[in-house]
Amino acid sequence: MRLDILYFIGYDIDEELPWHSTISRTRQLFPEEVFESVFTKVFILCVEAGMVSGHTQAIDSAPVKANASMDTLELKVPEEELESHLRRVRHISTMDKEQPFRKSKEDKSNKDQRSITANEQELKAITTRNKRWSKDQDQRPGAGNKGSKYTSNKTHYSPTDPDARISVKPGKARKLNYLSQLSVDTGHHVITDIKAYHADGKDNQQLPDIVKRVKRRLWQQGLVWENCVADTGYSSGENYAFLERQRIKSFIPAHGTFKGGPEGFEYVENKDHYLCPKGKIIPFTKEFNDYRTDTRKKEYRARKHVCMDCPIRSSCLGKSAQEKKFSVTYYRAEYQRNIARVESPQGRYMKAKRQSTVEPVFGTLTQFMGLRKVNTIGLKQANKCMQLAAIAYNIKKYLKFIEKRTKSGAGMHGLNFKLKTVSIPPFVGQFSA
Ligand code: SF4
């Protein structure tokens, strides 16, 4: 335990520290709001010390291992009987048709968490995707080993921790995880927000929620947020438009599937139509919601006679199409504005800033603040663990910062006052031990 932290949390040098059970019980019993307000209180200290600039926030996420094993995964059941369901979903491995590899001591799930979430169409997609896998899964070497069954969040749940989700982030092991969403101020790397989410959610779906919380927290301290820096995972037209409405500049590289239109076609902005390589107009026809991606799109379509005598018809239209038809995201302009920012010198600077800001913070949290794994059950408890780790991280940053100021003698007058008036619950300091 560091002496400065002992002093900060009001403990004497020889005073006995609380037992771990005191901390874990307290953590379990106190509501999330208490952790939120302690986090905000420490954040305010950092703001008052001049550590938070507010104008640029870097956002990133990382999976945090849940306190549950893949061995205890069980099949979700649909409304119908389990037996008839098993007969129907033959693509699920033999391991699943018997007992789980290790039976969980207690099933903590409710009926919703045990019920299958995939609809007929999604189940069919799972079957198709894993057709090859399902053919040889029980014959291939090592198929009898644990973990050899095909698992999916749509068809499996963890009875030990029903809130944990199987995470399939590329390059990482397939495990039951939570997702930690982190926002860091680029000034002195103070954490401005942290929250636990289900690990099967996408970063771009969670961005609006994060932005609202961070913006409110900064605004309450009189700080204005101008730039949002994040990786491609947070990219979506909806998010670019949302950030523009919030008057925040996005520096989020567009995802690989974004195309401003077919290759060789030129967009005419004031007329809202495209010009094809042969100079023909492809007009805007309608707006629609793409049911597969649930995104807003615009359709452009030429009439049949336009392409009738075109010399490059077969390469442009393909084998069966009679007319040129394509769809483009509704948020094309927002995409283009964001791409221009990302590719500008400021955008390149922001990319380096993101890498040097949020990634080291995640490294510290996982390596030194116990955030590699949560030892609790449930999303709310996981959130408290993350809040505690972030509180400990910010306190350490704060102490280091004021230590430098103490040595230099700058701003000490107000600082002594703050240290005496702010009380931090004793359990917080334990996490930085
Ligand atoms: S096929 Fe139609 S859209 Fe394609 S280049 Fe020819 S005229 Fe233009």
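Scoring rules and cut-offs
Residues numbered from 1 in each chain as written. Predicted model: local features only at pLDDT ≥ 70, side-chain atom pairs only at ≥ 80, totals over all residues. Axes fitted to C-alpha atoms, helices over the stretch in contact; angles between N-to-C directions. Helix = DSSP H or I, 4+ residues; strand = E, 2+ residues; numbered from the N terminus. Parallel < 35°, antiparallel > 145°, perpendicular 65-115°, else oblique. Contact = placed C-beta atoms within 7 Å. Pairing = 2+ DSSP bridges. Near = placed C-beta within 6 Å. Nonpolar A, V, L, I, M, F, W, Y, C, P; charged D, E, K, R; others polar. Left-handed = near helix turned anticlockwise from the far one by under 90°. Core = buried A, V, L, I, M, F, W, Y, C linked by C-beta atoms within 7 Å. Buried ≥ 20, exposed ≤ 12 C-beta atoms within 10 Å, placed from the backbone. pLDDT = per-residue confidence, 0-100.

A. Representation of the packing of helix α10 (residues 237-245) against helix α13 (residues 332-343). Remark: α10 packs on α13, axes separated minimally by 9 Å, with the N-to-C direction vectors making an angle of 75°. Looking at the two axes, α10 sits roughly perpendicular to α13. Contacts between α10 and α13 involve G237, Y240, A241 and E244 on the former and, on the latter, E334, Y335 and N338.

B. Expanded view of the sheet that holds strand β11 (residues 281-290). On the basis of which strands lie adjacent, the open sheet formed by 5 strands has the order β9-β10-β11-β12-β13 and antiparallel pairing. Among the strands making up the open sheet, the edge pair consists of β9 (266-268) and β13 (325-329). The sheet shows a mean angle of 35° between the axes of neighbouring strands, taken without regard to direction. Summarising the sheet, β11 and strand β12 (residues 295-301) pair through 6 bridges and their orientation is antiparallel.

C. A look at the pairing of β11. Both strand β10 (residues 273-275) and β11 contribute to a ladder of 3 bridges, which runs antiparallel. Within β11, the residue paired with Y274 across the bridge is I282. Where β11 folds back on β12, the antiparallel hairpin that results is connected by 4 residues, among which D294 adopts a positive phi of roughly 55°.

D. Quick look at the site of the ligand. Lining the immediate surroundings of the ligand are 13 residues, of which C276, C307, C310, C316 and K324 lie closest. Elements with a contribution of two residues or more to the shell around the ligand: α11 (304-307) and α12 (313-317). Broken down by element, the residue count for the shell around the ligand peaks at 3 residues, all from α12. Of the residues belonging to the shell around the ligand, the class tally is 9 nonpolar, no polar and 4 charged.

E. Inspection of the packing of helix α9 (residues 203-220) against α10 at higher detail. Relative to each other, α9 and α10 sit at 15°, their axes nearing to 9 Å. Judged by the angle between their axes, α9 and α10 are roughly parallel. Where α9 crosses over α10, the two elements pack in a sense that is left-handed. Here α9 contributes N204, L207, P208 and V211 to the contact with α10, which in turn contributes N239, F242 and L243. When the residues that make up the contact of α9 with α10 are grouped by side-chain class, the tally is 5 nonpolar, 2 polar and no charged.

F. Expanded view of the environment of P208. By the element assignment, P208 lies in helix α9. What P208 contacts, discounting residues up to four positions off in sequence, is N239 and F242.

G. Representation of the nonpolar core in the model. Among the nonpolar cores identified, the biggest contains 70 residues, and C46, Y178 and A389 are the most heavily contacted of them. Ranked by residues supplied to this core, first place goes to helix α15 (residues 379-408) with 13 residues. If you look at the next biggest cluster of nonpolar residues, it comprises 7 residues, including Y274, C276, I282 and A302.

H. Expanded view of the confidence of the model for the protein chain. Summarising the model, the protein chain shows a mean pLDDT of 82, and 80% of its residues fall at 70 or more. Here helix α17 (residues 426-430) is the element of the protein chain with the lowest mean pLDDT, 46, and strand β7 (residues 227-229) is the one with the highest, 96. Predicted confidence for residues 419-433 stays below pLDDT 50, and this span has 32 contacts to residues more than four positions away or in other chains.

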